[in-house]
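This is what each chain is made of:
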Amino acid sequence: MKPLNIAAFTAASLFILSACSGGQDPADESANASAEEAVFADVSDDRLNNAAATPAEWLGYGFDREETRHSPLTGITADNVGELGVAWTYDLATSRGVESTPIVIDGVMYVTSAWSIVYALDAKTGEELWVYDPDVDRAVGVNACCDVVNRGVALYEGKLYLGVIDGRVEALDAKTGDLIWSKVTVDQSKPYTITGAPRVVDGKVLIGNGGAELGVRGYLNALDAETGELIWRFYTVPSPDKQPDGAASDSAFETVGNITWGEEGAWKTDGGGGTVWDSIIYDEETDSVIFGVGNGSPWNQTLRDPSGLDNLFLSSIVAVDADTGEYKWHFQTTPGDNWDYTATQTLIIATLPLGEGGADRRVVMQAPKNGFFYVLDATTGEFLSGNNYVPVNWATGLDDSGRPVEVPEARYAEIPYLQTPGPLGGHNWHPMAYNPDVGLAYIPAQEIPQAYATDPRFQDNSTKWNTGADFAAGVPQLVPSEVFKFLRSGLKGRLIAWDPIAQEARWTVEHDGPWNGGVLSTAAGIVFQGKLNGEFAAYDAATGEELWVADVKSGAASGPGTYEIDGEQYVTITTGWGSAYLLSAGGVAAPQPVQPTVGKVVTFKVGADGTIPDVDIPLVEASPKTDEFGTDEQLALGLVQYARNCTVCHGPFAVGAGVLPDLRWSSYTSSADAWKGVLIDGNLQSIGMVSFADVLSEDEVEAIRAYVVQQAHNTDGINDAIASEGGGLQ
Ligand code: CA
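Residues numbered from 1 in each chain as written. Predicted model: local features only at pLDDT ≥ 70, side-chain atom pairs only at ≥ 80, totals over all residues. Heavy atoms only, no water.

1. Considering the overall build of the chain
The helix and strand tally for the chain stands at 13 helices and 37 strands. Considering the chain as a whole, with its 730 residues, one finds that 63% of them fall into the buried category. Partitioning the contacts of the chain with sequence separation of at least 6, the portion at a separation of at least 24 is 63%. Summed over its atoms, the accessible surface of the chain is roughly 24,900 Å², and 51% of this surface lies on carbon and sulfur atoms. (Helix = DSSP H or I, 4+ residues; strand = E, 2+ residues; numbered from the N terminus. Buried < 20%, exposed > 50% of the residue type's maximum accessible area, 1.4 Å probe, protein only. Contact = heavy atoms within 4.5 Å. Areas by Shrake-Rupley, 256 points an atom, 1.4 Å probe, with all protein chains shown as cover.)

Structure, rendered in structure tokens:
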């Protein structure tokens, strides 16, 4: 099915072209040809505002402006979904984390991989049309809290917009992949990253950034789509001296923001956080941009801002004027964030009968990390209702204004508090969907508890991970199998069909573990979701009954999409290991061992019988174990410094996840000099392992080596624990 209004756009473009080219006859064949070229991937505001009118295409990150991820396509039904087969697959260029949702327009699929690489593919066959690599310096990878992922691109008026992990935003020619403009949108001397998909509204490219685990000041940029020039910027935390920035956010801080921050604390040097790293939506009815704001820098509020004030706009949903960036309203989900409780998760606009006498009301919905599902008035931000969608033990509920009623112990100090949700959230970046026909939001939900305690070794203004929360809290020197069993038993994941009016689950599907995939909903009453165990499944939208499942042979965490070509409906998903969970908790919860895989696009249609190529990267040969060494003090120091500096990429307890090296098997452990050469001298910087000389002493580096070797010798116990569960989660 062709876009309904393509003829009108072609005619309009012809008219403009002929006007600009000195009155050529519009019927002239050369003018006609150039006009057709000009309308390639001609995504306009009108088309974006009416995405449901062209359901054959997938025009934006969340399908439509409301980001429902609900497609009107009905070619795949409950009756034939069981006949879905692999239409084609495509290998992405890396084995690193995969989070991308493909955009499909004019028969072309635009998809991204780790290191911000863009691929244009024939959406019917998977044939490669062009590849664009922004050629990122691999050393910036250390700034990425949660791997060097990318969640997708935006298309607008023939151009493609890309956020690059090093803070660039770039515009490409959608037809050729040629670079049109490139702008650095961050201070590259600071640990900013961009992983999110841009959105384009009325000629403005909206893009935020990440980095709040290391220490940055968050903001949302609106760039001129033609030139990349900055049009407006909305900061999410005040400047250190609370003086105006000359930015769109100035009035917001003057009126409501500045008074929520104290006069001292690490926020003044560490940026305060509040990065806008994922969800940005546009509400056409009010001409507002509504975006989600992340956690504080550092996490620990006692260190960030000992005043204990609310710290706007951390962990908030904020609405601004789309033209000017001027503040309209905000709702803070987690006042005085202390736990990495971002409110960056999927925002969806819907119309629900919540007005006076059951009248329609336009609302915005979110299931942020903190475990509560919120329904707000989209025009005013008024809190309408909320309830917890996963178990929470940091608050007993929400008061009438939507403010959490906190449990005092959750404001942790030296004594750890075992909390749920933990910093990975009750819901993370995995896109939520909403089906208006059955009135259900589909939440990829999870339970990953975490012990929070104040880190006595916190360094103000660090360049590396710097949360003020002690990642070594409660971690034993030797990890007995019981600890592994205990940790694994507490990890849960489920698909929740949430009724936003009743504020309760209508049905749930329990999965084998957490970190399951984003959701696609279709008008045929089907919900698609990938899982961490490598399955991709379809469920009945109303009941949760499983209708179909396929083995995609790798992690399937991304948001799936759907489109139609020549009357056939396709369902597509990007697959691959990596991204935050496997990197940060691989040894605890991932399938064991994780076989590395090249990231892939896997596309299905009814009646296809293709196959997914088998895993093609050999497991790294393990080096012989280095002899154990080190005093008790040295090993204890190694545990602490490993937990603080190495866990997030190389795995807790030095148990890797297969994507980045498992240090227990590294030949570098056999030589103090070689080890120091990597950690202090930066000898592996070119492949992304930068020097830690600014945060670690030589003694600490050697202590980490002793700890990693100790863990290598402790491996049998760990493997026993996993084996005793009958193969773990695989
Ligand atoms: Ca965070």
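That was the structure; now back to the text.
2. Brief notes about the nonpolar core
In this structure, Y110, L155 and F528 are the most contacted members of the largest nonpolar core, which totals 75 residues. Element by element, the count of residues in this core is highest for strand β5 (residues 117–122), at five residues. Leave out the neighbours within four places in its chain, and L155 touches A41, V43, I103, I105, Y110, L160 and A174. (Core = buried A, V, L, I, M, F, W, Y, C linked by side-chain atoms within 4.5 Å.)

3. Regarding the environment of E545
Examined against the element boundaries, E545 turns out to sit in the loop between β33 (535–540) and β34 (546–551). Overall, the relative accessible area of 48% leaves E545 in the partly exposed class. Along the primary structure E545 and W507 are separated by 38 residues, whereas in three dimensions their C-alpha atoms are 9.5 Å apart. Among residues more than four places away in sequence, those in contact with E545 are A538, Y539 and D540.

4. Notes on the pairing of strand β9 (residues 168–173)
Within a regular strand, the side chains alternate between the two sheet faces. In terms of burial, β9 is a largely internal element, five of the six residues being buried. Bridge analysis of strand β8 (residues 159–163) against β9 gives five bridges, and the strand direction is antiparallel. By the bridge assignment, L160 is partnered in β9 with L172. Here β8 folds back onto β9, and the loop between the two strands holds four residues, one of which, G167, carries a positive phi near 100 degrees. Pairing analysis gives five bridges linking β9 to strand β10 (residues 179–184), with the strands arranged antiparallel. Pairing of R168 across the sheet is with V184, part of β10. Counting the residues in the hairpin turn of β9 and β10 gives five residues, including G177, whose phi is positive at 80 degrees. (Pairing = 2+ DSSP bridges.)

5. Digging into the coordination of the calcium ion
Around the calcium ion, the donor atoms from the protein are E213 (OE), E213 (OE), N295 (OD1), D340 (OD) and D340 (OD), and they sit 2.3 to 3.2 Å away. Ordering the donors of the calcium ion by residue number gives the pattern E-x81-N-x44-D. Separated by 82 residues along the polypeptide, E213 in the loop between β12 (204–207) and β13 (219–224) and N295 in the loop between β16 (288–292) and α6 (301–304) bring together distant segments of the chain. With a relative accessible area of 7%, E213 lands in the buried category. (Donors = N, O, S within 2.8 Å, 3.2 Å for Na, K, Ca; no water.)

6. Topic: the sheet that holds β34
Note on sheets: strands pair through backbone hydrogen bonds, and any given pair is parallel or antiparallel. With respect to topology, five strands assemble into an open sheet ordered β1-β31-β32-β33-β34, the strand pairing being mixed. If you trace the sheet from one side to the other, it starts and ends with β1 (70–71) and β34, each paired once. As judged from the four bridges shared by strand β31 (residues 519–522) and strand β32 (residues 526–530), these two strands associate in the antiparallel manner. Within the sheet, the bridge partner assigned to T522 lies in β32 and is I526.

7. What to know about the state of the cysteines
Tallied over the full model, the rule gives one disulfide. C145 shares a disulfide with C146; S-S distance 2.2 Å. A torsion of -100 degrees about the S-S bond marks the disulfide between C145 and C146 as left-handed. By relative accessible area, which is 25% here, C146 ends up partly exposed. Not engaged in a disulfide, the cysteine C646 finds its nearest cysteine sulfur in C649; these two sulfurs lie 9.0 Å apart. Judged by relative accessible area, C646 falls into the buried class, the value being 10%. Among the cysteines around C649, which has no disulfide bond, C146 carries the closest sulfur, lying 9.0 Å off. (Disulfide = S-S within 2.5 Å.)

8. Regarding helix α9 (residues 632–645)
Because an α-helix packs 3.6 residues into every turn, residues spaced three or four apart end up facing the same way. For α9, with 14 residues, the first-to-last C-alpha span of 20 Å sits near the 20 Å given by 1.5 Å per residue. Within α9, the full set of buried residues consists of L635, G638, L639, V640, Q641, Y642, A643, R644 and N645. (Expected span 1.5 Å × (residues − 1).)

9. Some details on the environment of V142
Mapped onto the secondary structure, V142 falls in the loop between β6 (128–132) and β7 (154–156). It is 9.9 Å that separates the C-alpha atoms of V142 and L214, two residues lying 72 residues apart in sequence. Not counting the four nearest positions on each side in its chain, V142 is found in contact with L214, K464, G688, V690 and F692.

10. Examining the packing of helix α11 (residues 672–679) against helix α12 (residues 698–713)
With their axes 10 Å apart at the nearest point, α11 and α12 run at an angle of 115 degrees to one another. Handedness of the α11/α12 crossing: right-handed. Facing α11, whose interface residues are A672, W675, K676 and L679, α12 presents E698, V701, E702, I704, R705 and V708. In the contact of α11 with α12, the residues fall into six nonpolar, no polar and four charged. (Axes fitted to C-alpha atoms, helices over the stretch in contact; angles between N-to-C directions. Left-handed = near helix turned anticlockwise from the far one by under 90°. Nonpolar A, V, L, I, M, F, W, Y, C, P; charged D, E, K, R; others polar.)

11. Quick word on α11
Listed in full, the buried residues belonging to α11 are W675, G677, V678 and L679. Lining the buried residues of α11 we find α12. Regarding α11, its N-cap is S671, as a side-chain oxygen of that residue lies 3.3 Å from the backbone nitrogen of D673 further along. (Polar contact = N/O pair within 3.5 Å; in protein donor to acceptor, adjacent residues only side chain to side chain.)

12. Structural notes on the packing of aromatic side chains
Under the definition given, this model contains 31 aromatic pairs. Between F372 and Y374, the aromatic rings sit 6.5 Å apart at their centres with planes inclined by 55 degrees, giving tilted as the arrangement. Since its relative accessible area comes to 2%, F372 is described here as buried. With a centroid separation of 5.7 Å and 35 degrees between ring planes, the pair formed by F536 and F604 is classed as tilted. Here F536 is found in strand β33, whereas its partner F604 is found in strand β37 (residues 600–606), with 68 residues between them in sequence. As far as burial versus exposure is concerned, F536 and F604 are alike and both buried. An aromatic cluster is defined as three or more aromatic residues linked by ring pairs; in this entry it consists of F331, W339, Y341, F372, Y374, F383 and W394. Seen from the ring of Y61, R69 lies directly overhead, with NZ or CZ sitting 4.5 Å from the centre. (Phe/Tyr/Trp six-rings, centres within 6.5 Å; stacked < 30°, edge-to-face > 60°. Lys NZ or Arg CZ within 6 Å of the ring centre and 35° of its normal.)

13. Regarding the packing of α9 against α12
Where α9 contacts α12, the two axes come as close as 7 Å, and the packing angle between them is 95 degrees. Compared by their axis directions, α9 and α12 come out roughly perpendicular. For the pair α9 and α12, the contacting residues are Q634, L635, L637, G638, L639, Q641 and Y642 in the first and D699, E700, E702, A703, I704, A706, Y707, V708 and Q710 in the second. Split by residue class, the contact of α9 with α12 holds nine nonpolar, four polar and three charged. (Parallel < 35°, antiparallel > 145°, perpendicular 65-115°, else oblique.)

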